[in-house]
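Survey of secondary and tertiary structure
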Amino acid sequence: MIDDVLGPSLDVLFCGINPGLMSEATGHHFARPGNRFWPALHLSGFTPRQLAPAEQHLLPSYGLGITNVVARPSATAAELTRAELVEGGERLAALVAGLRPKVLAVLGISAYRTAFARPKAVIGPQDDLVGGVRVWALPNPSGLNAHWTLDAIAGELRRLRTTL
């Protein structure tokens, strides 16, 4: 299991689907070299430079945190069951209700749709709250998600950042 990166008064709590095997091995979120989370975070203006996964502990100083919908690591998110995603959504709602970030940003539209029973959700701000917190659905930054380029992912992150 990989630890959440949390802090007080977070602007954004980023939520991955679940840890990949490289993240599980290193203890760092979005650790696989092909993952676009860290480059997109910087290109969008959330961080002044591109952080390495091993620097995830710096995120709370920027008002940012990271968690996952499901704690169980896997090679791909497709290995997760619907029940795991729904249970993870319930855990996530409780976490954000206590933590109260300004925004919960879920990195994976399919996981968001399943975890929160929102089958028609699209990328961007959501009408519903989770744990009393605003939600923004973002593309999965995994290198396996070929539908989204680094620039497009960074653009969506930038769009979120401008609402804070």
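Throughout what follows, the structure given in this document is the object of discussion.

Each value, and the rule that gives it
- Residues numbered from 1 in each chain as written.
- Predicted model: local features only at pLDDT ≥ 70, side-chain atom pairs only at ≥ 80, totals over all residues.
- Heavy atoms only, no water.
- Phe/Tyr/Trp six-rings, centres within 6.5 Å; stacked < 30°, edge-to-face > 60°.
- Helix = DSSP H or I, 4+ residues; strand = E, 2+ residues; numbered from the N terminus.
- Buried < 20%, exposed > 50% of the residue type's maximum accessible area, 1.4 Å probe, protein only.
- Polar contact = N/O pair within 3.5 Å; in protein donor to acceptor, adjacent residues only side chain to side chain.
- Expected span 1.5 Å × (residues − 1).
- Arc of directions from axis to C-beta.
- Contact = heavy atoms within 4.5 Å.
- 1 Å grid on protein atoms, 1.4 Å probe; cavity = no way out; pocket = protein on both sides within 12 Å on 5 of 7 lines; lining within 4 Å.
- Points joined across faces, edges and corners; volume = space filled by probe spheres on them.
- Nonpolar A, V, L, I, M, F, W, Y, C, P; charged D, E, K, R; others polar.

1. Things to note about the packing of aromatic side chains
By the definition in use, this model includes five aromatic pairs. Judged by centre distance (5.5 Å) and plane angle (85°), the rings of F14 and F46 are edge-to-face. Highlighted residues: F14 in strand β1 (residues 12-16) and F46 in the loop between α2 (37-43) and β2 (64-68), separated in sequence by 32 residues. Pair check on accessibility: F14 and F46 agree, each one buried. For the pair Y112 and F116, a centre-to-centre distance of 5.4 Å together with 40° between the ring planes defines the contact as tilted. For Y112, a relative accessible area of 1% puts it in the buried group. F116 sits in the buried class, given a relative accessible area of 12%. Grouping aromatic residues by their ring pairs yields a cluster made of F14, F30, F37, W38 and F46.

2. Here's the deal with the side chain of Q126
Summarising the element assignment, Q126 is placed in the loop between β4 (124-125) and β5 (134-138). Look at Q126 and you get buried, because its relative accessible area is 16%. From its side chain, Q126 meets the backbone oxygen of V122 in a polar contact 2.8 Å long. Of the polar contacts made by the side chain of Q126, one reaches the backbone oxygen of G124; its length is 2.7 Å.

3. What to know about helix α5 (residues 150-161)
A rise of 1.5 Å per residue sets the reference length of α5, with its twelve residues, at 16 Å; its end C-alpha atoms lie 16 Å apart and thus fit the reference within 8%. The complete set of buried residues in α5 reads I153, A154, E156, L157 and L160. Looking straight down α5, one finds that the buried residues subtend no more than 160° of arc, so they occupy a single side. Buried-residue contacts for α5 involve β1, α2, β3 (103-107) and β5.

4. Brief notes about the environment of P141
Within the secondary structure layout, P141 lies in the loop between β5 and α5. Overall, the relative accessible area of 1% leaves P141 in the buried class. Separated by twelve residues in sequence, P141 and I153 place their C-alpha atoms 7.0 Å apart. For P141, the residues in contact, after removing those within four places along its chain, are F30, G34, N35, R36, F37, L107 and I153.

5. Details of the layout of surface pockets
The computed volume of the largest pocket comes to approximately 740 Å³. Lining the largest pocket are 34 residues, and of these I17, N18, A77, N140 and S142 sit closest to its centre. For the lining of the largest pocket, the secondary structure elements donating two or more residues are α1 (21-26) and α4 (109-115). Looking at which element gives the most residues to the lining of the largest pocket, the answer is α4, with four residues. Tallied by class, residues from the lining of the largest pocket come to 16 nonpolar, 17 polar and one charged.

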